[in-house]
Amino acid sequence: MSPDLPQPLRAALERELEGVSRRGLAERAARTSAAYRAGQGSAGVIRGLDDALAYALARLPATYAACASVFDEAARRAPGFAPRSVLDAGSGPAAASWAALEAWPGVESVTWLDASGPFLDLAGRLAAEAPAPIHGAARLRADLTGGGTSWPKADLVAASYALAEIPEARQAEVVGALWAAASGLLVLVEPGTPAGFARLLRAREALVAQGADILAPCPHARACPLAAPDWCHFAVRLPRSRDHRLAKGADAPFEDEKFAYLAAARPGVGVGAAASRVLRHPRSGKPGLELRLCGPEGLETRFVGKRDKAAHARARRLGWGDAWDA
Ligand SMILES: C[S@@+](CC[C@H](N)C(=O)[O-])C[C@H]1O[C@@H](n2cnc3c(N)ncnc32)[C@H](O)[C@@H]1O
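Not measured: the values here are computed from a predicted model.

Q: Even after reading the chapter, I still don't get the overall build of the chain, so can you show me in this structure?
A: From N to C terminus, the chain includes 11 helices and 13 strands. For a compact globule of 326 residues, the expected C-alpha radius of gyration is about 20 Å, and the chain comes in at 20 Å, within 12% of that figure. In terms of principal-axis extent, the alpha carbons of the chain reach across some 60 × 45 × 35 Å. Among the 326 residues that make up the chain, the fraction classed as buried is 45%. Here the contacts in the chain between residues at least 6 apart in sequence split such that 74% fall between residues at least 24 apart.

See the structure below:
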């Protein structure tokens with residue numbers, strides 16, 4: 001699945017940007033990014049549609065690309081899974097909904113759950129020419145920490161870059177409520193930082209205790225073998241539009257978005273986890289390739305020599321984040 005925004009979403013974003021001062025938007029995008037980095041949540045940062053638009057310009061392409069990459073892998077681990085309903089929790093401009101529809105075209109209904117009015121409004125404006133399930137998405141303005149609330153059930157529940165905004169003490173309960181709403185798969189995507197990884201580790205532990213099958217990225221449901229300062233994360237490269245380069249004050253025509261994720265399924269939904277997962281870019285040398293793997297026995301550095309032609313040919317096609325089923 002391509003990491004590029006689907007054409008109707010790109011066109012809608014461009015339409016929203018028409019006539020808007022690029023300098024003003026770049027300043028706003030820089031302010032909102034700095035506030036997010038300083039640990040402020042959307043509630044304090046996104047005060048109106050202009051702020052939501054600045055976020056979308058600066059972050060939507062990257063959060064979409066991360067979701068696309070994660071859903072691709074989830075679909076590989078659950079080839080028979082064909083969700084018809086999606087709950088996008090902490091939906092913002094709805095990157096996860098658009099990516100879910102690309103990954104699973106059989107989706108028929110989408111719900112956006114978000115506490116932010118400006119984000120829900122922007123998601124609706126960006127969906128003006130979207131395929132029917134996104135164009136007609138139900139909007140639920142609600143607080144994920146709403147204590148004891150049960151959310152509408154959906155085959156796929158996704159929360160992308162949202163858990164980061166939930167106070168740590170409330171995250172387990174929020175993840176529990178999202179898991180209760182997921183009839184098939186719950187996918188959590190977080191920034192690829194040590195803090196994002198730590199949030200997912202806690203969520204993983206709680207989900208395993210509640211009987212979830214971990215489909216990806218972990219090859220097993222036992223304790224994670226990674227120890228600080230190491231953390232499990234992945235990256236996706238995406239093109240940068242001219243507006244995005246201006247907003248970010250960046251020269252490179254692409255960016256690498258780092259993310260961490262977890263795909264947890266109801267028993268029977270997936271075919272199980274991969275045998276092992278490639279944890280960094282494979283290192284290639286004259287005699288062969290070196291793979292850093294997380295496998296059933298823990299962490300492993302495996303050498304695949306050129307002499308083993310079949311294995312080497314397979315290993316050469318692998319990248320960071322791929323499953324290694326050999
Ligand atoms: C960083 S944005 C991510 C948006 C989108 N999912 C993405 O991937 O681009 C975080 C989103 O979570 C929402 N959010 C944060 N805390 C929330 C809460 N307690 N209840 C509902 N939504 C919340 C924010 O309003 C915002 O839309």
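Following the structure, the description resumes.
Q: I would appreciate a short explanation of the site of the ligand in the present structure.
A: The ligand sits among 22 residues. The nearest are Thr 63, Gly 90, Gly 92, Ser 116 and Leu 144. Counting only elements with at least two residues in the shell around the ligand, the list comes to helix H4 (49-77) and helix H5 (95-103). Class assignment for the residues of the shell around the ligand results in nine nonpolar, nine polar and four charged.

Q: Please clarify how unusual backbone geometry should be interpreted in this entry.
A: With glycine set apart, most residues show a phi of negative sign, and most peptide bonds adopt trans. A cis amide bond, omega 0°, links Ala 216 with the succeeding residue Pro 217. Residues Ala 228 and Pro 229 are joined by a peptide bond in cis, for which omega reads 10°. Residue Ala 94 is not a glycine yet carries a positive backbone phi of 80°. Turning to its location among the elements, Ala 94 is positioned in the loop between strand S1 (85-89) and H5.

Q: Help me out: how do you make sense of the nonpolar core in this one?
A: Nonpolar side chains in soluble globular proteins generally cluster together in the buried interior. Leu 185, Val 187 and Ala 263 are the most contacted members of the largest nonpolar core, which totals 104 residues. Counting residues per element, this core draws most heavily on H4, which supplies 18 residues. Both of domain 1 (60-240 + 251-265) and domain 2 (276-324) provide at least three residues apiece to this core. Here Leu 185 is in contact with Ala 74, Ala 78, Phe 81, Leu 156, Ala 263, Ala 265 and Val 269, once residues within four sequence places are set aside.

Q: Is there a simple way to explain the domain arrangement of the chain in this structure?
A: Accessible area lost upon the coming together of the parts is a frequently used measure of interface size. By domain assignment, the chain separates into domain 1 (60-240 + 251-265) and domain 2 (276-324). Computed from C-alpha atoms alone, the centre-to-centre distance between domain 1 and domain 2 is 28 Å. The partner domain 2 presents 10 residues to the seven residues of domain 1 that form the contact. When the residues that make up the side of domain 1 that touches domain 2 are grouped by side-chain class, the tally is six nonpolar, one polar and no charged.

Q: What is the right way to read helix H8 (residues 168-181) from this model?
A: Residue pairs spaced three or four apart in an α-helix point in one direction, given the helix's 3.6 residues per turn. The terminal C-alpha atoms of H8 lie 21 Å apart, and with 14 residues this matches the ideal 20 Å at 1.5 Å per residue to within 8%. Here H8 has its buried residues at Val 174, Val 175 and Leu 178. End-on view of H8: buried residues confined to an arc of 100°, all on one side of the axis. On its buried face, H8 sits against S1, strand S4 (154-160), strand S5 (182-191) and helix H9 (194-209).

Q: What should I look at first to understand the environment of Ala 264 in this one?
A: Note that Ala 264 resides in strand S8 (residues 254-265). Look at Ala 264 and you get buried, because 30 C-beta atoms sit within 10 Å. Residues Ala 264 and Lys 309 lie 45 residues apart in sequence; the distance between their C-alpha atoms is 35 Å. Not counting the four nearest positions on each side in its chain, Ala 264 is found in contact with Leu 186, Leu 207, Ala 212, Asp 213 and Ile 214.

Q: Teacher, can you tell me more about the environment of Gly 211 here?
A: Following the sequence through the fold, Gly 211 ends up in the loop between H9 and strand S6 (213-216). Given 10 C-beta atoms within a 10 Å radius, Gly 211 is considered exposed. The spacing of Gly 211 and Pro 267 is 56 residues in sequence and 7.8 Å in space, taken between C-alpha atoms.

Q: Please clarify how the pairing of strand S12 (residues 298-305) should be interpreted in this entry.
A: It is a general feature of regular strands that their side chains alternate between the two faces of the sheet. As judged from the eight bridges shared by strand S11 (residues 288-295) and S12, these two strands associate in the antiparallel manner. Bridge pairing in S12 links Leu 291 to Arg 302.

Q: Hey, could you run me through the environment of Ala 203 in this one?
A: Along the chain, Ala 203 falls in helix H9. Residue Ala 203 is classed as buried on the basis of its C-beta count, with 25 C-beta atoms lying within 10 Å. Separated by 28 residues in sequence, Ala 203 and Val 175 have C-alpha atoms that sit 6.6 Å apart. Each residue touching Ala 203, except ones within four places of it in the same chain, is listed here: Gln 171, Val 175, Leu 188 and Leu 262.

Q: Would you mind showing me how to read the packing of helix H2 (residues 22-37) against H4 here?
A: The geometry of a pair of packed helices is captured by two quantities: the angle between their axes and the separation between those axes. Across the interface, H2 lies against H4 with an axial gap of 9 Å and an inter-helix angle of 85°. In terms of orientation, H2 and H4 fall into the roughly perpendicular class. The segment H2 lies against H4, with Leu 25, Arg 28, Ala 29, Thr 32 and Ser 33 engaging Asp 50, Asp 51, Ala 54, Tyr 55, Leu 57 and Ala 58. Classifying every residue of the contact of H2 with H4 gives six nonpolar, two polar and three charged.

Reading the values: the criteria
Residues numbered from 1 in each chain as written. Predicted model: local features only at pLDDT ≥ 70, side-chain atom pairs only at ≥ 80, totals over all residues. Helix = DSSP H or I, 4+ residues; strand = E, 2+ residues; numbered from the N terminus. Rg over C-alpha atoms; globule rule 2.2 N^0.38 Å. Buried ≥ 20, exposed ≤ 12 C-beta atoms within 10 Å, placed from the backbone. Contact = placed C-beta atoms within 7 Å. Near = placed C-beta within 6 Å. Nonpolar A, V, L, I, M, F, W, Y, C, P; charged D, E, K, R; others polar. Core = buried A, V, L, I, M, F, W, Y, C linked by C-beta atoms within 7 Å. Domains from an automatic or database assignment. Expected span 1.5 Å × (residues − 1). Arc of directions from axis to C-beta. Pairing = 2+ DSSP bridges. Axes fitted to C-alpha atoms, helices over the stretch in contact; angles between N-to-C directions. Parallel < 35°, antiparallel > 145°, perpendicular 65-115°, else oblique.

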